[in-house]
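Here is how the chains run, residue by residue.
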Amino acid sequence: MPLALLALAIGAFGIGTTEFVIMGVLPQVANDFGVSIPTAGWLVTGYALGVVLGAPLLTVLGTKVSRKKMLMFLMALFVIGNALSAAAPVFGVMLIGRVVASLAHGAFFGIGSVVAADLVAPEKKASAISLMFMGLTIANIVGVPGGTYIGQAAGWRITFVGVAALGIVGFLGVARLVPDMGRPETDNIRGEFAAFRNVQVWLAMAMTVLGYGGVFAAITYITPMMTEAAGYTEGAVTWLLVLFGVGMFVGNLLGGRFADRALMPMLFTSLGALALALLLFTATAHDKVLAAITLTLIGALGFSTVPPLQKWVLDQASAAPTLASAANIGAFNLGNALAAWLGGLVIAAGLGYTAPNWVGALLSGAALVLSFLAAFLDRRTRTRAPAGVVTASEKAGQAPAGLAH
């Protein structure tokens, strides 16, 4: 695999760390600024909303420059946002810093997915995408626990200084290792939006919202679930999240590898197994050993859907993939917000801390239904296509110039 994928993975590692590490240092941040925990929670919500809005906005603005230059700009924006958070004199300034950093998130993964796929032969595209996302999964194994420990030992500001430093490394890596592929083939706003005329793009984003949202229905409330239902101490939750991160890492690699061989069957299997695992978690969450095993499994199954979903979007929007790819990254965060809200509703209704698990199972099950619909429509399109006409899925499987073997 090209070394450029390493640079993309480093950037993904920094972004993944800053997204989730705030949860580990939230009490310290709230205490320093003299705000309540719910108020400090806006640092999480504001980041998620920034990803949803920033992904399409910055991607559209970046259509006039090369993808390499845009990736460098996004890493610079990421550094500025985290540096602002680290130096924030008041809570409002830190919230601004979080939003600034989040603007880089969706566009980086969206544009980075296109770049990663273009660096390799067609039959390796999903694997290349998974290698970039590997940085995000490793962040949950190393970056988030490490950043939480540093924040608790030396202060949360040092954590964000370290994250900003990771952004600088990512910027230098992109500048040195990512080749300049020129401007996107479709370098106008109208051309990028044309991809959304394809119902398959919308189906893919709906699958993303519901499928990965199912994971966040459970993981958002993992601390009270594990302490109240399974009987773990609060300190043990950090290591449970490491297990979840290990599952994400393995699932990401397997999802990329098998999606290259059979994309839709891989998606069917992942979403179906994820819905089942979430449903089982309502029972296994009451046992320490079974809870740890199930949590790891949910991480693996949940993230095994990411490479195939992202590749499906690229395939269906092959003529202008950049905006659609970035919008799908925003869909992940929209799913996170939706699932967290629904999970909170069932807890508030008095159904217990394990109730979000069956909410997640329903969401993932709905995504599975949509995946069957997407496969049916794709098969019908290919069947009805006149002789000599290449469909979006078939076109995506053809090797671009310079990559055919």
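Predicted model only: the values in this text are computed from it and were never measured.

Rules used throughout
- Residues numbered from 1 in each chain as written.
- Predicted model: local features only at pLDDT ≥ 70, side-chain atom pairs only at ≥ 80, totals over all residues.
- Heavy atoms only, no water.
- 1 Å grid on protein atoms, 1.4 Å probe; cavity = no way out; pocket = protein on both sides within 12 Å on 5 of 7 lines; lining within 4 Å.
- Points joined across faces, edges and corners; volume = space filled by probe spheres on them.
- Helix = DSSP H or I, 4+ residues; strand = E, 2+ residues; numbered from the N terminus.
- Phe/Tyr/Trp six-rings, centres within 6.5 Å; stacked < 30°, edge-to-face > 60°.
- Buried < 20%, exposed > 50% of the residue type's maximum accessible area, 1.4 Å probe, protein only.
- Expected span 1.5 Å × (residues − 1).
- Polar contact = N/O pair within 3.5 Å; in protein donor to acceptor, adjacent residues only side chain to side chain.
- pLDDT = per-residue confidence, 0-100.
- Contact = heavy atoms within 4.5 Å.
- Nonpolar A, V, L, I, M, F, W, Y, C, P; charged D, E, K, R; others polar.
- Axes fitted to C-alpha atoms, helices over the stretch in contact; angles between N-to-C directions.
- Parallel < 35°, antiparallel > 145°, perpendicular 65-115°, else oblique.
- Left-handed = near helix turned anticlockwise from the far one by under 90°.
- Core = buried A, V, L, I, M, F, W, Y, C linked by side-chain atoms within 4.5 Å.

S.K.: Quick one: what's the story with the layout of surface pockets, residue by residue and with numbers?
M.R.: Considered as a void within the structure, the largest pocket measures approximately 1400 Å³ in volume. Residue contributions to the lining of the largest pocket peak at seven residues, all from helix α1 (residues 4-33).

S.K.: Could you give an account of the packing of aromatic side chains, with specific residues and numbers?
M.R.: Throughout the structure, instances matching the rule amount to 11 aromatic pairs. Here the aromatic rings of F108 and F109 are separated by 6.0 Å at their centres, their planes lie at 85°, and the arrangement is edge-to-face. A residue is classified by how much of its surface remains accessible, and F109, at 0% relative accessible area, is buried.

S.K.: Now, about helix α13 (residues 288-303): what can you tell me, with residues and values included?
M.R.: For α13, with 16 residues, the first-to-last C-alpha span of 23 Å sits near the 22 Å given by 1.5 Å per residue. Looking only at α13, the buried set comprises A291, A292, T294, L295, I298, G299, A300, L301, G302 and F303. At the N-terminal boundary of α13, the capping side chain belongs to D287, with an oxygen 3.1 Å from the backbone nitrogen of V289.

S.K.: Outline the side chain of S66, supporting the account with residue identities and numerical values.
M.R.: Residue placement: S66 occurs in the loop between α3 (42-61) and α4 (67-87). With a relative accessible area of 6%, S66 lands in the buried category. In terms of polar contacts, S66 uses its side chain to reach the backbone amide nitrogen of K69, at 3.2 Å.

S.K.: Hey, could you go over the confidence of the model for the protein chain for me, with residue numbers and the actual values?
M.R.: Summary statistics for the protein chain give a mean pLDDT of 83 and a share of 90% for residues scoring 70 or more. Across residues 392-405 the pLDDT falls below 50, and counting only partners more than four positions away or on other chains, this stretch makes 25 contacts in the model.

S.K.: Any chance you could break down empty space enclosed by the protein for me, citing the residues and the numbers?
M.R.: Counted under the stated rule, the structure contains two cavities of 30 Å³ or more. For the largest cavity, the calculated volume is near 140 Å³. What lines the largest cavity is a set of 14 residues, and nearest its centre among them are E19, H105, L136, Y212 and F332. The set of elements that each furnish at least two residues to the lining of the largest cavity consists of α1, α5 (91-118), α6 (125-154), α9 (199-219) and α15 (321-348). Classifying every residue of the lining of the largest cavity by side-chain character gives 10 nonpolar, three polar and one charged.

S.K.: I'd love a proper account of the packing of α1 against α4, names of residues and values included.
M.R.: With their axes 12 Å apart at the nearest point, α1 and α4 run at an angle of 30° to one another. In terms of orientation, α1 and α4 fall into the roughly parallel class. In terms of crossing hand, the pair formed by α1 and α4 is left-handed. The residues of α4 that touch α1, namely those facing L8, G11, G14, I15 and T18, are L71, M75, F78 and N82.

S.K.: With reference to specific residues and values, describe helix α14 (residues 306-316).
M.R.: α14 sits mainly inside the fold: 11 of its 11 residues count as buried. Taken together, the buried positions of α14 are occupied by V306, P307, P308, L309, Q310, K311, W312, V313, L314, D315 and Q316.

S.K.: Quick rundown of the side chain of S102? Include the residues and the values.
M.R.: Within the fold, S102 resides in helix α5. Residue S102 is classed as buried on the basis of its relative accessible area of 0%. Within polar-contact distance, the side chain of S102 engages the backbone oxygen of Y47 at 3.5 Å. Sequence-distant contacts of S102, that is, excluding residues within four places in its chain, are made with G46, Y47, G50 and V51.

S.K.: Explain the nonpolar core to me, and be specific about the residues and the numbers.
M.R.: Ranked by size, the top nonpolar core spans 103 residues in total, and within it L8, F133, M226 and F281 carry the most contacts. Within the second largest apolar cluster, 14 residues are counted, among which are L26, F33, A86 and F160.

S.K.: Tell me about the packing of helix α12 (residues 263-284) against α14, residues and numbers included.
M.R.: α14 packs onto α12 with a crossing angle of 140° between their chain directions and a minimal axis gap of 10 Å. It follows that α12 is oblique to α14 by the angle criterion. Handedness of the crossing formed by α12 with α14: left-handed. Every residue of α14 that contacts α12 at L263, M264 and L267 is listed here: P308, L309, K311, W312 and D315.

S.K.: Describe the environment of E19, with residues and values.
M.R.: Of note, E19 is situated in helix α1. For E19, a relative accessible area of 10% puts it in the buried group. A C-alpha to C-alpha distance of 8.8 Å links E19 and H105, two positions 86 residues apart in sequence. Sequence-distant contacts of E19, that is, excluding residues within four places in its chain, are made with Y47, R98, H105, L136, N333 and N336.

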